[in-house]
Amino acid sequence: MPFSFSLCPGTLSATAWTNMEIDLPNLSPTERYKFLTSVVVPRPIAWVTSLSEAGVVNAAPFSFFNVFGSKPPLVVLGIGNRPDTGEPKDTVLNIKTSGQFVIHTVSEAQAQKMVKTSTSLPHEESEIAAFGLSTVPSVKVSPPRIAGAAVALECELHSIQEIGQNRLIIAKVVQAAIEDRFYDPKTGYTDTNAMQLVGRMHGPNGYCRTDAFFEIERP
């Protein structure tokens, strides 16, 4: 059985609890995905633009994403295969070919269009045109930026690690852009709340807002 049960050490009482031990390797890939994306929350969304050899602009969202370091500035993406064909996704093919891409944050105002770009289109079709998006030129990379995104991170590929049907993409951020109203260059302060960014939660349709937070002072 994939699930086993064990009690935490100690005497049972009204406040006692039990842990369910889950043997992830013995679950199906779907069950593993469901569990992991339900407990690793919230997850930031990378709305990625990339460019094919033929010049087609691809746009797609990924929530297996995070910042990875600042010396140098690194980001990571985790991208699996297409669920319908088992083939690499267009974003992966484009990054392998060009070594460049742009990551955008997603505001609540753009969330609907972001979700639409998760649709699997033929490689020769652009999500930008299909879903009524517009772009502006990037500064240091060839793939364009999505117009209206609060933040754009222009990235150059560092390396790709293939692990099973997963790909860990590590990239260096070579240029960043943020709307003037969200950033004070004198203090370096970013008004994150005002950007009204969204993140991913559990379930295929789960999202969250990021404009509510609390502070705990470090010792």
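Use the structure listed above.
Notes on the structure in this doc start here. (Residues numbered from 1 in each chain as written. Predicted model: local features only at pLDDT ≥ 70, side-chain atom pairs only at ≥ 80, totals over all residues. Heavy atoms only, no water.)

Moving on, we get to a nonpolar patch on the surface. Judged by side-chain polarity, F35, L36, V39 and V40 come together as a nonpolar surface patch covering roughly 320 Å² of accessible area. Its relative accessible area of 47% is what places V39 among the partly exposed residues. (Patch = residues over 30% accessible without salt bridge, like charges linked within 9 Å, V, L, I, M, F, W, Y side chains within 5 Å. Areas by Shrake-Rupley, 256 points an atom, 1.4 Å probe, with all protein chains shown as cover. Salt bridge = Lys/Arg side-chain N within 4 Å of Asp/Glu carboxyl O. Buried < 20%, exposed > 50% of the residue type's maximum accessible area, 1.4 Å probe, protein only.)

Our focus in this paragraph is the sheet that holds strand β15 (residues 198-200). A sheet is described by the order of its strands in space; here three strands give the open sequence β3-β15-β16, paired in antiparallel fashion. Of all the strands in the sheet, the pair left with one neighbour each is β3 (43-44) and β16 (207-209). Inspection of the sheet shows β15 paired to β16 by three bridges, in the antiparallel sense. Considered in β16, the bridge of V198 is made with R209. (Pairing = 2+ DSSP bridges. Helix = DSSP H or I, 4+ residues; strand = E, 2+ residues; numbered from the N terminus.)

Look at the link from V41 to P42: it is a cis peptide, with omega at -10°. Topologically, P42 is positioned in the loop between α1 (29-39) and β3. Note that the residue after K71, namely P72, is joined by a cis bond; omega there is 5°. A positive phi angle, near 55°, is found at Q196, a position not held by glycine.

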